[in-house]
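Descriptive analysis of the structure
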Amino acid sequence: MAHLLGGLATPLLCKPINASSSFNNNYTSASSSSLHALDSLYIKRAAELADKSAGFTAPHPNFGCVIAHPNNGGGTVVGEGYLYAEGTIPAEVQAVEAAGERCRGATAYLNMEPGDCHSNSSAVSALIKAGISRVVIGIRNPLQHLRGNAIHALRSEGLQVDVLGEDTQNKIIEEAVKSCLFVNAPLLYRAACQVPFSVLKYAMTLDGKISASSGHASWISSKKSRTRVFEMRGRSDAVIVGGNTVRRDNPRLTVRHGGSHLPRRIVLSQTLDLPEEAHIWNVSEVPTIVATQRGARRSFQKLLASKGVEVVEFDILDPRDVMGYLYDRGYLSILWECGGTLAASAISSGVIHKVHAFVAPKIIGGKNAPSPVGELGMVEMTQALELIDVCYEQIGPDILVSGFLQPVPDLTPTIPSIEETSAIDPTISPYESSIIFFYKTWDPYGGFSNFSLHPFQMPNENGELVIWSSVEHYYQAQKFVGASDPVAKSCMEEIQCAKSPEEAARIGRRIQRQQPNLVRPDWESVKIDAMYKALKCKFATYPYLNSLLLSTAGSVLVEGSPHDLFWGGGRDGEGLNYLGRLLMKLRSEFLGDSSTSQNSLLHQTSENKY
């Protein structure tokens, strides 16, 4: 899979480690007394592998696995893998398949405890069945409902499981653990702070200016630095700018030279004093959200809505409230590319976690030329905010200075499991008693998602059995069934071969938007049936999913996507929640409850909100 990701920079890891061949050369000379050093180096390699997946689909936890076999007191790498995207083959399964019989008696190194969020325990099962004797984990899973589950499962099967740094501390171990924290910093911040991980990026001259006094700013940094910015965008869920940036620069905020993931564009503007025509209002490829103060320029809001731009109003447009809103929408990582005024407001609000500053060897001067961060109210140098874990990297003629404003949360000692909490107070439940939400595939009921990795077989139009990697793969391909146009058949094949459900969805939606003539004419009337057939096959194929679904009897199921108003619950419950309805119908069918018919579920109006 490495060839698919070639050339992607790894800015989260300050000192990238060489390829696995270097590991074999370096590690075989290690003495038997340096086990902790050996563990640390392999864990760093697992973290480096994990970072390869960042930004190639909607953000997700990053997992890497290295399997090494003892060899003369050192070790030899026999298998590696990393999670390409949410909903693809687990890193541990890939590494086991690569190592084959050499797994017997070997040690598996994981940057993070596996999150068996699909309830199939495939990562853990792969290590157990392969004959792995020892597992070293960089950090425990930060998500409460997954934390400790894999470690317990492995130990119960007789494997030795060591969590790096929990029994011994030294500088080498500390650096290895830190690499694991860095590679999943967005997930850790989100779990600890209940806001998305936010990175402030700016480019400035050597004398600290982000533009000339006239406002001209193209270009401060070099082409190589701008390419790195595209990569940073590709690692993010969304990119935020302020109104001044839209007025002055008319940005596109795309990932033209970066990864395949397309982050949403978000504009923060109190007054909506924005141009009627701007690149960012073109949502044919990338969605745009405008956050504003309640009541601001209603006529302009209608204009934006007519262009397909989503407008969200806040009583007071405060960065922390916006981040709380984006957290509720499932966002994991945000890149701020705003001017000094908004940057200062975001920093003062405590929502900026990391800074990337590109410093160009240029001097432009100007008493009124703007700086990257506006007024913070500090009057003494002792009040200055200091970055921690600072990295320096030369990019062409520029220097990239990166560091954290807040330490990466280490959640090791503080998060009890659901079982522990329930033991303390049996009345506490992690879910509402009557409504169960599911959305991201790492959630407790993530296996219900049409994006979860549960391959199944379904007959094609010729009656031949075809393997589909996920429900979403099947659903998107069904848009083009029956078309005689060879291009449509090619589209179906492209969707079937997509590396992840997100990629399949991206392909299907793009083709539907750009070439509507290829879509089957009856699609709107059959798409619910297509989704239901795939869901039924998936839940019939996997007994544990069937049991999980039946365990929700008596509860309303709501697909928690706030921006999908058809399949999801929408914001504030205005969505139609058809995916939740289909699962409830399927649950009734499996339970043998004939009183709930398909028509009664599928013809409810939008007035029946959850």
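On a predicted model such as this, the values are computed, not experimentally measured, just so you know. (Residues numbered from 1 in each chain as written. Predicted model: local features only at pLDDT ≥ 70, side-chain atom pairs only at ≥ 80, totals over all residues. Heavy atoms only, no water.)

1. Some details on unusual backbone geometry
Selection criterion: Runs of E in the DSSP output that reach at least two residues are strands. Runs of H or I that reach at least four are helices, and both are numbered from the N terminus.
Phi is positive for Gln194, close to 60°, though the residue is something other than glycine. Within the secondary structure, Gln194 is located in the loop between helix 7 (185-193) and strand 6 (197-205). The backbone phi angle of Asn577 is positive, close to 55°, even though this residue is not glycine. With respect to the element layout, Asn577 can be found in the loop between strand 18 (556-559) and helix 19 (578-591).

2. Details of the pairing of strand 3 (residues 107-112)
As a reminder, the rule being used: The buried label goes to any residue with under 20% of its type's maximum accessible area, the exposed label to any with over 50%, and the partly exposed label to all in between, with areas taken from a 1.4 Å probe on protein chains only. When DSSP finds at least two bridges between two strands, those strands are taken to pair.
The buried fraction of strand 3 is high, at six of six residues. In this structure, strand 3 lies alongside strand 4 (residues 134-139), joined through five bridges in parallel fashion. Its bridge partner being in strand 4, Tyr109 is matched across the sheet by Val136.

3. Thoughts on the side chain of His356
Using the following cut-off: Here, two residues are considered to be in contact whenever any of their heavy atoms come within 4.5 Å of each other.
With respect to the helices and strands, the residue His356 is situated in strand 12 (residues 354-360). The class of His356 is buried, set by a relative accessible area of 6%. Filtering out sequence-adjacent residues up to four positions away, His356 remains in contact with Val199, Leu200, Lys201, Tyr202, Met232, Leu400, Val401 and Ser402.

4. Focus on the environment of Ala369
Checked against the element boundaries, Ala369 lands in the loop between strand 12 and strand 13 (388-395). For the pair Ala369 and Ala212, spaced 157 residues apart in sequence, the C-alpha to C-alpha distance is 5.3 Å. Leave out the neighbours within four places in its chain, and Ala369 touches Lys209, Ser211, Ala212 and Ser213.

5. Structural notes on the sheet that holds strand 9 (residues 288-293)
Cut-off, in case you're wondering: Note on geometry: axes are lines fitted to C-alpha atoms, helical ones only across the stretch in contact, with angles between N-to-C directions running from 0 to 180 degrees.
The strand order across the open sheet formed by nine strands is 10-9-8-7-11-6-12-14-13, and the pairing between neighbours is mixed. Both outer strands of the open sheet, strand 10 (310-314) and strand 13, are each paired with one neighbouring strand and no more. Pairs of neighbouring strands in the sheet enclose a mean axial angle of 20°, with direction left out of account. In the sheet, strand 6 pairs with strand 12 via seven bridges, with the strands oriented parallel.

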